[in-house]
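Next come the chains, spelled out residue by residue.
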Amino acid sequence: MTPGTTQHARRAPAAAGRSRPGPAAPAGGRATKGRGRGSWTPWLYLAPALVVLGGLLVYPIYQLGLISFLEYTQAQVSGGEPTTFQGFANYAELFGDGEFWNVVVATLLFAAVCVVSTLAVGCALAVLLTRVRAIPRLALMLAALGAWATPAITGSTVWVFLFDADFGPVNKVLVWFGLSGFEDYSWTYDRYSAFALVLFEVVWCSFPFVMVTVYAGIRAIPTEVLEAAALDGASTWRIWRTVMAPMLRPILVVVTIQSIIWDFKVFTQIYVMTDGGGIARQNMVLNVYAYQKAFASSQYSLGSAIGVVMLLILLAVTLVYLRLLRRQGEEL
Amino acid sequence: MSHSRVAPRIRRPWRLAAEVTALIVAAVVAFPLYWMVLSAFKPAGEIQSTEPRPWTTSPSLDSFRRVFQQEDFGRYFLNSLFVAGVVVVASALIAFLAATAVARFRFRFRTTLLVMFLVAQMVPVEALTIPMFFLMRDLGESVPGVGLNTLGSLILPHIAFSLPFAIWMLRGFVKAVPEALEEAAYLDGASRSRFLWQILFPLVFPGLVATSVFSFISAWNDFLFAKSFIISATENSTLPMALLVFFKAEGNDWGGIMAASTVMTIPVLIFFVLVQRRLVSGLGGAVKD
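Note that this is a predicted model, so its numbers are computed, not measured. (Residues numbered from 1 in each chain as written. Chains lettered and ligands numbered in written order. Predicted model: local features only at pLDDT ≥ 70, side-chain atom pairs only at ≥ 80, totals over all residues. Heavy atoms only, no water.)

When you go through chain B residue by residue, the secondary structure sums to 12 helices and 0 strands. Listed by position from the N terminus, the elements making up chain B come as α-α-α-α-α-α-α-α-α-α-α-α. If one aligns the C-alpha atoms of chain B with their principal axes, the spans along those axes are about 70 × 70 × 35 Å. Every one of the 289 residues in chain B was classed for burial, and the buried ones make up 59%. For chain B, long-range pairs separated by at least 24 residues make up 72% of all intrachain contacts whose partners lie at least 6 apart in sequence. (Helix = DSSP H or I, 4+ residues; strand = E, 2+ residues; numbered from the N terminus. Buried < 20%, exposed > 50% of the residue type's maximum accessible area, 1.4 Å probe, protein only. Contact = heavy atoms within 4.5 Å.)

A few words now on the UniProt feature "transmembrane region" (unreviewed entry) in chain A. Feature annotation in UniProt assigns "transmembrane region" (unreviewed entry) to the following positions: residues 43-62, 100-128, 140-162, 192-218, 239-261 and 300-322 of chain A. In this annotation, residues 300-322 of chain A is assigned 100% helix and 0% strand; the end-to-end C-alpha distance for the span is 32 Å. (UniProt positions renumbered as here; feature names shortened; annotations may be inferred.)

A few words on the pattern of salt bridges. Counted by the stated rule, this structure contains 8 salt bridges over all chains. One salt bridge in this structure joins A:E99 and A:R281, with 2.8 Å as the shortest N-O distance. Taken together, the residues A:E99 in helix α6 (residues 98-130) and A:R281 in the loop between α13 (268-273) and α14 (286-296) connect sequence positions 182 residues apart. Among the ionic pairs, B:D62 bridges to B:R65, the shortest N-O distance being 3.2 Å. Here B:R65 and B:D62 lie together in helix α3 (residues 62-69), a separation of 3 residues that amounts to about one turn. Classification of B:D62 as partly exposed rests on a relative accessible area of 38%. (Salt bridge = Lys/Arg side-chain N within 4 Å of Asp/Glu carboxyl O.)

Glancing now at the UniProt feature "domain: ABC transmembrane type-1" (unreviewed entry) in chain A. According to UniProt, the feature "domain: ABC transmembrane type-1" (unreviewed entry) maps to residues 104-321 of chain A in the numbering used here. Between the end C-alpha atoms of residues 104-321 of chain A the distance is 21 Å, and the span holds 78% helix and 0% strand.

Taken residue by residue, the interface counts 119 residues in chain A and 116 residues in chain B. Of the roughly 10500 Å² buried at the junction of chain A and chain B (both faces included), carbon and sulfur atoms supply 75%. The interface formed by chain A and chain B includes 1 salt bridge. When the shortest N-O distance is used, the salt bridge between A:R133 and B:E19 registers 3.0 Å. Joining chain A to chain B, the criterion identifies 7 residue pairs in polar contact (both at pLDDT 80 or more). The greatest single-element share of the side of chain A that touches chain B, amounting to 19 residues, is contributed by helix α3 (residues 41-68) of chain A. Classifying every residue of the side of chain A that touches chain B by side-chain character gives 75 nonpolar, 26 polar and 18 charged. (Buried area = accessible area lost by both parts, 1.4 Å probe. Polar contact = N/O pair within 3.5 Å; in protein donor to acceptor, adjacent residues only side chain to side chain. Nonpolar A, V, L, I, M, F, W, Y, C, P; charged D, E, K, R; others polar.)

On to the UniProt feature "transmembrane region" (unreviewed entry) in chain B. Residues and elements named next belong to chain B. The UniProt entry lists residues 20-41, 76-101, 113-135, 155-174, 195-220 and 254-275 under the feature "transmembrane region" (unreviewed entry), expressed in the numbering used here. Annotated as residues 155-174, this span is 100% helix and 0% strand, and its ends, taken at the C-alpha atoms, are 26 Å apart. The straight-line gap between the two end C-alpha atoms of residues 254-275 is 31 Å; of that span, 100% is helix and 0% is strand.

To continue, consider the nonpolar core. Formed by 208 residues in total, the largest nonpolar core has its most connected members in A:W148, A:M211 and B:F272. With near-sequence residues (within four places) excluded, B:F272 lies in contact with A:L145, A:W148, A:A149, B:V213, B:I217 and B:L279. (Core = buried A, V, L, I, M, F, W, Y, C linked by side-chain atoms within 4.5 Å.)

With that settled, consider a negative patch on the surface. Negative charge collects at one region of the surface, where A:D166, A:E183, A:D184 and B:E51 lie side by side. With respect to the helices and strands, the residue A:E183 is situated in the loop between α9 (169-176) and α10 (191-220). Taking relative accessible area as the criterion, A:E183 reaches 49% and is therefore assigned partly exposed. (Patch = residues over 30% accessible without salt bridge, like charges linked within 9 Å, V, L, I, M, F, W, Y side chains within 5 Å. Areas by Shrake-Rupley, 256 points an atom, 1.4 Å probe, with all protein chains shown as cover. Lys, Arg positive; Asp, Glu negative; His and termini not counted. Charge placed at Lys NZ, Arg CZ, Asp CG, Glu CD.)

Of note, A:D184 is a non-glycine position whose phi angle comes to about 55°, a positive value. Positioned with a positive phi, B:F109 is a non-glycine residue whose angle comes to about 70°. Relative to the assigned elements, B:F109 resides in the loop between α4 (73-104) and α5 (110-122). Residue B:F109 is classed as exposed on the basis of its relative accessible area, which comes to 52%.

Turning our attention to the state of the cysteines. Residue and element names in this part refer to chain A. All chains considered together, the criterion is met by 0 disulfides over all chains. Of all cysteine sulfurs in the structure, the one in C114 sits closest to C123, which takes part in no disulfide; the separation is 16 Å. Left without a disulfide partner, C205 is nearest to the cysteine sulfur of C114, which lies 9.2 Å away. With relative accessibility at 16%, the residue C205 sits in the buried group. (Disulfide = S-S within 2.5 Å.)

See the structure below:
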């Protein structure tokens, strides 16, 4: 493929999307869409998706809520004892437990730091990519794709190995730089350094999505617009603020929300890197906490109640997202 | 290249600094993968060295041999491949139909459905492990092949979890196909299903590829469900479980862990390299819409 055709192909969907509110689109569009009015064809197309989502997403959510109101331990699971309705007793037990609040705060703070770091690194490198020639760009792109492609579990094991107190190269390098405190330093022993280690891995494997998406977004901005602004004497900062930032905002909203979703429910990294939640459970996040409650100590009701809390927190995030989309005037 | 005409405005020393920075960052980002592959090839004595070196003079296949001699490892590999493959194909087909419905038809509850797909993306799937566990247990009693300890219990949840995002992403691609093309097809006497599969499907295929990356990753990476749903029938385990074997109380077998990690990462790397170009353009197109 010649560079010309690649560029054309890349821009086509974006251009079509942008021209949507134009005067020509609705006139041409309504005629075809009219074919579907009152017809059952769209529902036929939707049927498989609705069956799968209804059975494997909606029903489990209902079940999750239900179990959180029941007494449900090993005895009930095996059918030895009848399930009894507990009302809000499980929630009362959960909210009365200091550890739960500890975990909630840790989860929110950890996710926030992960999201901010991921976005900062991803956006900075996306801008960097637009400033360099082909070879450094290809090198960075390939390295990022490699990090992105790495499964969470293998990424976790490799990062633990890199920071291993005895066999890892990171401590040796830090000591070589004169930081003698890192001689045989165990990163997973201390709560904050263990969280930091997980943070490094999370940023490493999730910045590529942000970088690639934002880079694709910057590339989709027509050069003519930027050149026109530059010819009119606009400063770099002004071009960014009045031309690029508004055009990139939809992309930035999407990557931010995706990062929040992913980082809020990190499980594999914490579980593998801190061996199930850290020494004395110091590195628990809500996900791991729910898993430990349900599957390690058979308190399925409490685990479900934790799941409901997570669901509600992410629902709140979703509502904010929907409001942001509305304000942008995005047509659903 | 759209930016190459803008680039000359940057003064040369700055561009050089940017390029050096880019290369250093690339090296840092690639280093963990380099270390993984290097450690997989280091002989046993060297990997336990407290003076780790960034190269090896005597590469060895011992770690890989240990991995492949581990009982059922090949089977775990095929299981992972099967699970991810079925999830990718099934969610792509189901999402294509659903995305076409919401992008090209106007019908009651369309907006409601779109909002629901959006909300569904936010559902923390990990929180659903508990009800999913009971659902799989109950299904296993009535439907063979989908209960606990089966590959179906890993496939089904991942189809459901990757659908909302896939529908949302594909919607942009379907919308980008001009309406006039559909009218022309009908005028030429094409049936609706002919238009759907022979015209629309090939046109949105790049979008399907970009989407499939996400469903592939979600299924291939799955650790939680494999750990929770495959309890007794270990022959139905997947790769992450094979990796855990090398973590031992008396000291981790780092050579084995790194070799197994390498084997587990390579298929995804190949997949990414194959779809790389479409992925970048696909994200640009879909997200922009």
